Amino acid sequence: MNKADKIGITVVFLCICFLYLPLLWTYYQSKDKEKVVIVNYKDQEVLRVSLQKDDTYIVDGTLGKVEIEIQDEKVRVEKETSSYHLCSIQGWVEHVNQPIVCLPNHIVVLIESTQEVSEGNDVVIQ
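Numbers given for residues are sequential positions, taken from 1 along each chain in its written order. Side-chain atom pairs in this predicted model are given and counted only at pLDDT of 80 or more, local residue features only at pLDDT of at least 70, and totals for whole chains, interfaces and linings cover all residues. Hydrogen atoms and water are omitted, and side-chain values are computed over all heavy atoms in the structure.

**Topic: the sheet that holds strand 1 (residues 35-41)**
Taken in spatial order, the 4 strands make up an open sheet running 2-1-7-6, and their pairing is antiparallel. Two strands lie at the open edges of the sheet, namely strand 2 (44-50) and strand 6 (100-102), each paired on one side alone. Across the sheet, the axes of successive neighbouring strands diverge by a mean angle of 20°, strand direction being ignored. Strand pairing is assigned whenever DSSP identifies at least 2 bridges connecting the two strands. To qualify as a helix, a DSSP run of H or I must reach at least 4 residues; to qualify as a strand, a run of E must reach at least 2; elements of each kind are numbered from the N terminus. As paired elements, strand 1 and strand 7 (residues 107-113) share 7 bridges and run antiparallel to each other. Paired with Val 36 across the strands is Glu 112, a residue of strand 7. Between N-to-C directions, angles span 0 to 180 degrees; the directions come from axes that are lines fitted to C-alpha atoms, helices contributing only their stretch in contact.

Laid out in C-alpha cells, this is it:
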C-alpha cells in the first residue's frame, strides 16, 4: 500500500463520517420529542395520531382499504389491497422522516416529531 492509497482511504473515511453526521444530529434532535403518525392520501392529510397510542386504523386508498397498525411506538401497514403488497413488505418504521410509501394506493405514512410552540417572538426584524 503506497502513500496515495492511504490518502484515498482517509478521504473516503472522512467523507463517510461527514455524510453520517447530519443523520446523527437529526436523530438526537427528535429523540425526546413526542412523535405523531401522519397518513396522507393524494397529498391530503387523512389521519394524524400519536405514536404512543397502540391501535389499528383503516384509511381508504385508491385500490381499497389500507390497515395501519401502531404498536410499541412503531408503525406499519398491516394489510392493503395491491398486487405486490409493497406497503406491508416495508415492515415497521420507528424513526422520524422515514416514510412508508404505498404508490398503488396513493398512501404515504410518515412519522414526524412535534415541537412545542413557545410563547413570544421567534424572530424580531427591525
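**Topic: the sheet that holds strand 5 (residues 74-80)**
Read across the open sheet, the 3 strands follow the order 3-4-5; overall the sheet is antiparallel. Looking at strand neighbours, the two that pair on one side only are strand 3 (55-60) and strand 5, the edges of this open sheet. Strand-to-strand twist in this sheet, taken as the mean axis angle between neighbours without regard to direction, amounts to 25°. The pairing of strand 4 (residues 65-71) with strand 5 spans 6 bridges and is classified as antiparallel.

These results come straight from atomic positions and should not be treated as a statement about function.
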